[in-house]
Each structure stands twice: as structure tokens, then as C-alpha cells.
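Residue-level structural notes
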Amino acid sequence: MMVNRSLVSVVDDDESVRESLPDLLREFGFAAQAFASAEEFLASDCVGQTGCLILDIAMPGMSGLDLQQELSLRRQEIPIVFITAVADETVRPRVLERGAVECLFKPFSETALLGALKVAFRVN
Amino acid sequence: MSRISDLHQDVADLEVADLESVISTRELSLRPTRPPDHASENRALVALVEAMTASPDDILQKLAETALDLCRAHSAGLSLLDGDRKRFRWAAIAGRWTPHLGGGTPRGFGPCGTVLDCNIPLLFSRPERHFKYLAAVAPYIEEGLLLPFYVGGQAIGTIWVIAHDQSRSFDAEDLRVMTNLSHFAAAVYAARTRQVAVQADVHSALATENSLRGILQACTESVVRHLDAALARIWVITKDKRVLELQASAGMYTHLDGAHSRVPVGHLRIGLIVQERTPYVTNDVVNDPLLSDSDWARDEGMVAFAGYPLVVGGQAIGVLTMFSRKPISRATTETLSTIAGTIAQGIRRAQGEAALRRSEAFLAEGQRLSLTGTFSWRVATDEIMWSEQVYRIFEFDQSVPVTLELIGTRVHPEDLPLMYEIIDRARGDGSDFEYEHRLQMPDQSVKYLHIVAHGTRDQDGRLEYIGAVQDVTQARLSEEALGKARSELAHVARVTSLGVLTASIAHEVNQPVSGIVINASTCLRMLATDPPNVDGARETARRMIRDAHRASDVITRLRGLFGKKDARTDSLDLNEVARGVIAMSMIELQRSRVILRLELADDLPPVTGDRVQLQQVILNLLLNAADAMSGVDDRPRQLVLRTERDEGDGVRLIVQDAGVGFEPQCVDRLFEAFHTTKPGGMGIGLSVSRSIIESHHGRLWAAPNDGPGATFSFVIPRGADSVTAHVMSNP
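Let me begin by describing the structure that accompanies this report. No experiment lies behind these values; they were computed from the predicted model shown.

**Overview of the sheet that holds strand β3 (residues 104-106) of chain B**
Residue and element names in this part refer to chain B.
- The strand order across the open sheet built from 6 strands is β3-β2-β1-β6-β5-β4, with neighbouring strands paired in antiparallel fashion. The open sheet is flanked by β3 and β4 (122-125), the only strands paired with a single partner. Going across the sheet, the axis of each strand differs from the next one's by a mean of 25 degrees, ignoring polarity.
- Note that strand β1 (residues 75-81) and strand β2 (residues 87-95) share 7 bridges and pair antiparallel. Its bridge partner lying in β2, Ser75 is registered against Gly95.

Below, the structure is given as C-alpha cells:
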């Protein structure tokens, strides 16, 4: 099965991110899909096609970290770029250690996002 | 007088006559006898008995006078053997020999001795012929009739009548009268001796016995020994005055338990004696059912009973009783009556002493256990008295005189200013004081003392403090450990809650802001394409505006969180609000060794406001003031909280400290959020406080003191009928 390498999936409970980020990603040249929750993402048929996952950490229900663990259990090794609105410096090393590509604090710059995506796709 | 010396001379020249030649007893029966005068005799004896109860100490003298009277003698008297039985003392004399009262004759050589030796009445004629020393005693003895008297088989003395010239010679009638009198004298003497002995025993028991029971037991034993009692007992009334408890028993029974150990007042004879406060004497014990079992009385041969209430201050506090196998004489009842009064007083005194000893012991023990001592301080003279426990607390020897200087040597150097401040203030206004300070002991250990004192003035207006000193070291050390833990916890909580608050603020704001940033990036890219994607750019710009509004909404929501919704408007007494805060923060202030002075105006109008918010402001000001003084050791950490009526209708609250203060140019920055001068401070207290006061339409400001420290004040107008939410509007 061919993997559409250019698909970037966005999982965030915040609507403004879900609205704005896919547009920017498309401007970058990626295909983009937005999901309001981890559960919604897992239930979609995008899981296998996603080349990079931009994932919010703090969400109601399943958190970003829970999703990371779930994907790992399913052996879906999707590069993950975490994004978070909580300025907690301790969270970054924690998620990097568990295999995330990057952890960006909202609001993040276009440059920082592009850098992270480059790493994600190079890794993969 | 010439006559005595002449006589003496005559006698000295005379040969000593035989004893036989001076005794002429036989003549009594040979002489014509005058008729007996029974009426006079009876009257005289009745008078004697009266005298014996009325004035027992004079009874011997009365006896002498009676003998003089009845025998129409020229002199009459009683000679009693001295304690060592070597001399007769003329114990009572009536008639012409009265001046010789207290004189006497040797036991072995004198008419009295002869009478006792022969144990019969003797009539002497001119006895100085044999007993030469009598020649010196004037007037001389023409005739002397002497009778022995014995008590309990023991010779006690003689009773005698004398004729000094031949105008009177004694006859058989005189012998009869004197024989009666000698019997009477013996009985009187015996009774008197018993009375004296019992009274002496009672007094001695009161003086030497330590316990009440010891006293009472000695008294009952004396009654048995001297008053022919078969059984003597004492009951004492209980505190509730309902029951008599047997406290002493001597004679045939000495146990204190058994059937009559507790007798209700009003029951049986003894209960009635106490209830009616009236003595009861009977010589017919067997027929008194209230007294005893008649079988018992018959079997034991009991004849008589006497019971005397022990009355002191008009109250019967017990009963003294005796049973006897012989009828009880009047002398005995008199004795019982006398000692009952003495015993009653003894009981009352012993009870009082016991109560005093007990309360003293309680006090000392209480002071020891509670680690609390008492002191007094006369302000004018600086005389200080300490209880034992205060000496123990200060670890001074009790022989050391206490002075303020001496106390100063133990007070912790950091607390000396506090102590002098308190002393100065006490000297000034005499108001009560309560404070805590530390002692630094010679081994460098530290004690914490809590001191409370009440100032009183004597009738001359001199001020004296009476106070208590409690060693609260243990409590304070645990409290301090607890306080430290608590403030650490509070600090953590404060940091944590603020961290959580900022995180949630950041989260709420960052979401829309990141949307704006992303949209802006997208927008720029869309406009940078050729041709520009104007529609897409317009859409992203619209989203940016929406997200910016969302961010603004977050701020508004946060304001609401602190604002109107929670503010209540009540009519408040600012003094009462302040007192509530002080009650909450007292421990903290004491721990910081702050001396709080309250100057609350009593004419404060009520204000409208939110109690909790105003409490927060006052608490904040107090704790800030305490913090500002935490490093102050060279002056009292004095904190003044004052309320007063503001011009117009407002009220003003002022918190003045003696702390580090601040530079005047910094005054504006004080109220900025996140501005702090304290290492542990967050810098939001004053800004929140100002917001709260402004929401009450008031003002909060600060000013440096002329001396050390700073003063924070706020004013709230009266009757602000609504509290609006300006809180958090400053940051």
C-alpha cells in the first residue's frame, strides 16, 4: 500500500488551530487533515496514511501522550510533532525521550513548524 | 509588829514542848456542844456548789470562807501538799490569817503533817510551843482544829479553822461541820483536779497532735482517764452537714467503724444533740431507747450518758459523748461542757489549717505541673515577689532577691527591647498586659514564657501587678516547627496556585494567539503567491480578528473570576472586621514577636462592603507589616492598627509598622502587580488589596514613617451601596 507521504494530520481540541493550521500546511505543500480528538483520529482511515502527526498534548479524553502510546502499541510509527499551550518546560524532554520529533509551544512560528516538519519527514 | 518580835523572843527562850502537850483533841468531846445549825450549813453547801460551777478557780477560797463562817473561827483555810509533797502550801485562807495566803509549813514538821500522819482530825492548843517557827506567824494560834482530806486514797491536804484567842474554843459540833466540809473539799478537789487534767489534756492535744483525729482521740482518752467514762466518743459533721462521722473512740471500744460510725443528723440521741445544739445528760441509760440498746446497757452496767454538742460560731460541728457505769456528777458535766467548746474550736481550727495546707499544696503542685508561676510587682518600688515555680523557671536560687536587672540577665537579648517596652507601658497606664518572650539560660538553651498580668491599685493609688508566668517552651517549639512547616506549605501552595493560575491564563490566551500567528503566516503566504490568493488571505484575516476577540474574551472572563460575582455587600463594623483578622493572625504575629497595639475608634460608622475581601486586605497589611519587621532586633517590633472616622462619613484603617520601610520614590511601584521587596513574596498582595479597596470606592495608600517603618492606610466611604468589580484591573 502506498503511503501518501505528504499527509500531515493535525489533532487538537482547539478550533482555531484546527482551522488555521491545515491551511498553512497546505501552503507548505502538504496534504492536511484536522481531527478534534485522538479518538476521532484513531477512528479515521488517515492513521496509516499520515506521514507526520501534529498533536496537541492537553486534550479532553485521550491526551496527546496517550495517543502517542497507543500508536506505539499499534506499531504505527508516525513521526509526531507535539504542540502545547501549556508553557511547561519539563514536558519537552519527556516527549522527546519517548520518540517525538519536536515539541512546540503555542504560539509557535512558521519557521519552527517548518523545521520540525523537515525533521519529521527526513526521519521517516 | 513589836508583838511578833516579842513573841518570837519569848518562844525562842522557851523549851520545845512535847507534841502530845500541844494536842488536845480529847477536849472536843468534853466541852459543851452548841446545837447544830443545819439550815445555815445547807445554805452554805448549796452556795459552795453554786460557786463551784460559777467560778471553779475560787472554790477553795469559798470553802475556807464557809469553814470560817460555820465554825465562827478567827481564821480558816486549806493547806495542800505541793507537787513534790515536801511542803504544805496554804492554798486558801479566810479571816485574820488572810495575809499569810501562799505561806506554808514543812510536810514533816507542822500540825498539817501530824494530821496526815495520824489520819484523824486533831485539835492543837498553842502549837507554836512545839512547832517553834509558828511563833513567827501572827496572830498566834490559841486553838487550831485540823482535818485531813484524801482523794482516791491519797492524802492531799488539810482543812482547818483557828481561834487566835480564848474567846472561841472549838467543840464536837465544829468537828462535825468540818468533817462534812473536808469530805466536800475532797470531792471538790477531785472534781477540780479532773477538770484541770482533762482541760490540760485537751489543750495539749490541740497543741501537739498533728491530725484532727489525733487531737480528738487524745481528748476521748482523757475523758475516759479522768471522768470515769467507760466509753468516750467524738463524731464530726460532714461537709454537707447531714451526717456525723465517728472520729475518735476511747474506753471499751476504740474502733471507728461499725454501726454508729455514721449517724445522720437528727437521728438517735447524738444526732438530736447536734440538731438541737443542746447537751443531753441522763443517769438512766437503760430506759432511753434513743441512746443505746437497753440489753447492751444492762449487760455492760451502763448507768449514765452525757452528750455535748461541739458548737463553734453558733454551729454544731460535732458531738462529744461519754457512757459511764457511775452516775455523772455535775462537776463532770461542767468539765464536758468546757472541753466541748475547746474541742469545737480545735476542730474548726484544724479543719481550717488542713484546708489551708491543702490549698497551699494544691497551688504549689498546680504551679509545678502547669509550669506556671505567679508574681507580683509593685511598680513604684520595683519590689518583685516570685512564687517557687517562677524561681524554677528562671533557674535562680530562691534566696536571690528578684530585681528587674536580674530578670534582664535571663531575658533573651533580642527580647529585651520588648520587655522594656512592656514595662514602660505598664508603668505608664497600669493597663493589663500579656506577652511572650524568651529566656536565654546560662547553658544557651532557650525558654519561651507566656506572661499575663493584671494591674491593680491599692487604696493609696499605688500600682501593683499580679501575674502569671507560664513556661510554654514545649508548646512553642512544636508550634514553631508546625508554623515553619505551615509557612513552607503555604509558600508552596501560593507558588503552585499562582503557577496553575498563570498556566491556565497562558493556556487560555495562547490558544487564540497561536491561531492568530498561524493565520498570519498563512495569510502572508497566500498574499505572496502569484497571483495572490486574496480570498484565502481575507478568510485567514477574518479568523485572526475572531481569535483576537477570543483572546480578549479570556481576559474579560478572568476579570469576572475575581470580580463582582463574589463580592457581597453587607453593613460592616470595620472594628469588628479588624478584630476578626487579628484573632486569625494572632499566632502568626506572636510568632513573629510583634507587639500589636490596637487603637480602635469607638465612634466608627458602619460601612458597606465585602467582609471577606476587606479581611483579606487587612490581613495582607498586617502580615506585610510583620514581614517588614522580621529582621528588626534593635527596637520593639511594634505594630499599630488604628481605626478612625475619616473626614466626611468615611472610615479609615491604618497599619503602622516599625520595619524596614521604603524609599518615598518607590511608593508607586509598591502597588504594581509582581513588584516585591520580599524574597518569598509574589508581589500581588498590595495590588489585589488596592483593587479591593477601589472596588469599595475607597483608596489605599502608603507613606514612609518619620522614624523607621511605613504606614499603610485605606479609606472607605460610608454607605457605598455597591461594590463594583475593579479587582485585577491594574495589572
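**A look at empty space enclosed by the protein**
All names here are of chain B.
- The tally for this structure, following the rule as stated, stands at 5 cavities of 30 Å³ or more.
- In this structure, the largest cavity occupies an estimated 240 Å³ of space.
- If you trace the largest cavity, you find 16 residues lining it, with Phe375, Leu404, Ile407, Tyr435 and Ile451 closest to the centre.
- Residue assignment for the lining of the largest cavity shows that the elements contributing at least two residues are β13 (372-378), β14 (383-386), α12 (388-394), α13 (404-410), α14 (416-429) and β15 (433-440).
- Partitioning the lining of the largest cavity into residue classes produces 15 nonpolar, 1 polar and no charged.
- Empty space within the second largest cavity amounts to approximately 120 Å³.
- In terms of lining, the second largest cavity is formed by 14 residues, of which the most central are Trp97, Pro111, Ile141, Leu146 and Ile162.
- Tallied by class, the residues present in the lining of the second largest cavity amount to 11 nonpolar, 3 polar and no charged.

**A word on the environment of B:Val667**
Residue and element names in this part refer to chain B.
- Among the structural elements, Val667 can be located in the loop between β22 (651-656) and α19 (685-695).
- Each C-alpha atom of the pair Val667 and Ala703 lies 7.3 Å from the other, and the pair is 36 residues apart in sequence.
- Setting aside chain neighbours within four positions, we find Val667 in contact with Phe662 and Ala702.

**Some thoughts on the packing of aromatic side chains**
- Counted according to the given criterion, the structure contains 20 aromatic pairs over all chains.
- Seen from their ring centres, A:Phe30 and A:Phe121 are 5.0 Å apart, and the 15 degrees between their planes marks the pair as stacked. Taken together, the residues A:Phe30 in the loop between α1 (15-28) and β2 (31-35) and A:Phe121 in helix α5 (residues 110-123) connect sequence positions 91 residues apart.
- When the ring of B:Phe394 is compared with that of B:Phe396, the centres are 6.4 Å apart and the planes differ by 15 degrees; the resulting orientation is stacked. The burial state of B:Phe394 is the same as that of B:Phe396; both residues are buried.
- Through a chain of ring-to-ring contacts, three or more aromatic side chains come together here, namely B:Tyr253, B:Tyr280, B:Trp296, B:Phe305 and B:Phe323.
- One cation-aromatic arrangement involves B:Arg410 over B:Phe396; the distance from NZ or CZ to the ring centre is 4.1 Å.

About the cut-offs
- Residues numbered from 1 in each chain as written.
- Chains lettered and ligands numbered in written order.
- Predicted model: local features only at pLDDT ≥ 70, side-chain atom pairs only at ≥ 80, totals over all residues.
- Heavy atoms only, no water.
- Pairing = 2+ DSSP bridges.
- Helix = DSSP H or I, 4+ residues; strand = E, 2+ residues; numbered from the N terminus.
- Axes fitted to C-alpha atoms, helices over the stretch in contact; angles between N-to-C directions.
- 1 Å grid on protein atoms, 1.4 Å probe; cavity = no way out; pocket = protein on both sides within 12 Å on 5 of 7 lines; lining within 4 Å.
- Points joined across faces, edges and corners; volume = space filled by probe spheres on them.
- Nonpolar A, V, L, I, M, F, W, Y, C, P; charged D, E, K, R; others polar.
- Contact = heavy atoms within 4.5 Å.
- Phe/Tyr/Trp six-rings, centres within 6.5 Å; stacked < 30°, edge-to-face > 60°.
- Buried < 20%, exposed > 50% of the residue type's maximum accessible area, 1.4 Å probe, protein only.
- Lys NZ or Arg CZ within 6 Å of the ring centre and 35° of its normal.

Remember, this is a structural readout, not a statement about activity or role.
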